[in-house]
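So the chains spell out like this:
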Amino acid sequence: DRLTEKQRQQIKTHRVDMGSAYPAACALRLDNSRPVTDRFHVAKKFNDQVDSQRKKFTREYKAKLNQADRKVFRSQMWAFRRDPQSLSAEEKQALEALFEKIPTLKTLYQVRLRFKEIFDTAPDRTKAARWLRELRQQCQDLGLDLKPFFETYDRWKTEILNYFDARQTSAAVEGINNKARVI
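Residues numbered from 1 in each chain as written. Predicted model: local features only at pLDDT ≥ 70, side-chain atom pairs only at ≥ 80, totals over all residues. Heavy atoms only, no water.

Undergrad: Even after reading the chapter, I still don't get helix α7 (residues 125-142), so can you show me in this structure?
TA: Side chains three or four residues apart in an α-helix point the same way, a direct result of the helix having 3.6 residues per turn. Taking 1.5 Å as the rise per residue, α7 with 18 residues should run 26 Å; its terminal C-alpha atoms sit 25 Å apart, in good agreement. For α7, the full list of buried residues reads Ala-128, Ala-129, Trp-131, Leu-132, Leu-135 and Cys-139. What you see down the axis of α7 is that its buried residues fit within an arc of 165°, all on one side. Away from the buried face of α7 by more than 90 degrees, exposed residues Thr-126, Gln-140 and Asp-141 are located. The backbone nitrogen of Thr-126 lies 3.1 Å from a side-chain oxygen of the residue at the head of α7, namely Asp-124. Looking at the residues trailing α7, positive phi occurs at Gly-143, about 80°. (Helix = DSSP H or I, 4+ residues; strand = E, 2+ residues; numbered from the N terminus. Expected span 1.5 Å × (residues − 1). Buried < 20%, exposed > 50% of the residue type's maximum accessible area, 1.4 Å probe, protein only. Arc of directions from axis to C-beta. Polar contact = N/O pair within 3.5 Å; in protein donor to acceptor, adjacent residues only side chain to side chain.)

Undergrad: Can you help me understand the packing of helix α8 (residues 147-155) against helix α9 (residues 157-166) in this one?
TA: Each pair of packed helices gets described by two things: the angle between the helix axes and the distance between those axes. Where α8 meets α9, the closest approach of the two axes is 5 Å, and the angle between their N-to-C directions is 80°. In terms of their interaxial angle, α8 and α9 are classed as roughly perpendicular. In this structure, α8 contributes Tyr-153, Asp-154 and Arg-155 to the contact, and α9 contributes Lys-157, Glu-159, Ile-160 and Leu-161. Tallied by class, the residues present in the contact of α8 with α9 amount to 3 nonpolar, no polar and 4 charged. (Axes fitted to C-alpha atoms, helices over the stretch in contact; angles between N-to-C directions. Parallel < 35°, antiparallel > 145°, perpendicular 65-115°, else oblique. Contact = heavy atoms within 4.5 Å. Nonpolar A, V, L, I, M, F, W, Y, C, P; charged D, E, K, R; others polar.)

Undergrad: Where do I start with the nonpolar core in this structure?
TA: Residues Phe-46, Phe-80, Leu-95, Phe-115, Leu-146, Tyr-153 and Phe-164 are the most contacted members of the largest nonpolar core, which totals 40 residues. Put simply, the parts of the chain that give this core at least two residues each are α3 (39-63), α4 (67-81), α5 (89-101), α6 (103-121), α7, α8 and α9. At 7 residues, the largest contribution of residues to this core is made by α6. Contact partners of Phe-164, with chain neighbours within four places excluded, come to Ile-118, Phe-119, Ala-122, Pro-123, Asp-124, Arg-125 and Ala-128. (Core = buried A, V, L, I, M, F, W, Y, C linked by side-chain atoms within 4.5 Å.)

Undergrad: Before we go on, may I ask you to explain the side chain of Gln-76 in this structure?
TA: Within the secondary structure layout, Gln-76 lies in helix α4. With relative accessibility at 12%, the residue Gln-76 sits in the buried group. Excluding its chain neighbours within four sequence positions, the residues that come into contact with Gln-76 are Ala-94, Leu-95 and Leu-98.

Undergrad: Honestly, the packing of aromatic side chains in this entry has me stumped. Any pointers?
TA: Remark: the centre distance and the inter-plane angle together describe each pair of aromatic rings, the angle taken between the planes. By the definition in use, this model includes 11 aromatic pairs. For the ring pair Phe-46 and Phe-149, a centre distance of 5.1 Å and an interplane angle of 90° mean the geometry is edge-to-face. Of this pair, Phe-46 sits in helix α3 while Phe-149 sits in helix α8, and the two are 103 residues apart along the sequence. The exposure classification of Phe-46 matches that of Phe-149, with both residues buried. With a centroid separation of 5.2 Å and an interplanar angle of 80°, the aromatic rings of Tyr-163 and Phe-164 are classed as edge-to-face. Assessed through its relative accessible area of 3%, Phe-164 is described here as buried. Taken together, Phe-46, Phe-115, Phe-119, Phe-149, Phe-150, Tyr-163 and Phe-164 form an aromatic cluster joined through their ring pairs. Here the guanidinium or amino end of Arg-81 rests over the ring plane of Trp-78, the centre of that ring lying 5.2 Å away. (Phe/Tyr/Trp six-rings, centres within 6.5 Å; stacked < 30°, edge-to-face > 60°. Lys NZ or Arg CZ within 6 Å of the ring centre and 35° of its normal.)

Undergrad: What is the right way to read helix α10 (residues 171-182) from this model?
TA: Over its 12 residues, α10 extends 16 Å from the first C-alpha to the last, a length consistent with the 16 Å expected when each residue adds 1.5 Å. Within α10, only 1 of the 12 residues are buried, which leaves it mostly out in the open.

Structural data, given as structure tokens:
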């Protein structure tokens, strides 16, 4: 509301999370602006579903472990969440050993990496949409229940795919917000 009408008309894109208030307010005030759902929010939703599936797959295995082995298992889960390029050889080896014990975990890991790869490498929204459709089909074929994420994707598809037009992000602001919450 503090912006003049001329200033509002000059805004071409704006970043939104997947809540209702901010996107609705921007839609009312920013006639010429396209909403872009930040990849941070999309990845968080996806990774929440991956974590839910991971817990489901590991619950039975974890129940059989003694306390010392559970501690080792927890450390392997950090490796599961990280980028493979940042893992040491020892961490990669431990992760592969875990995948031998719980093969579905490796499948889930590969799906998580593919999702990140799509956001890192898709050259445009059309290719990103195709790759995300293929990933959805792959998840269904593998019996991975990522339906809640893909329902969110369906609701916010346009805003999510808008990211691929210019790859604009609000990562710096998100980082500041996170630091403020921590403090």
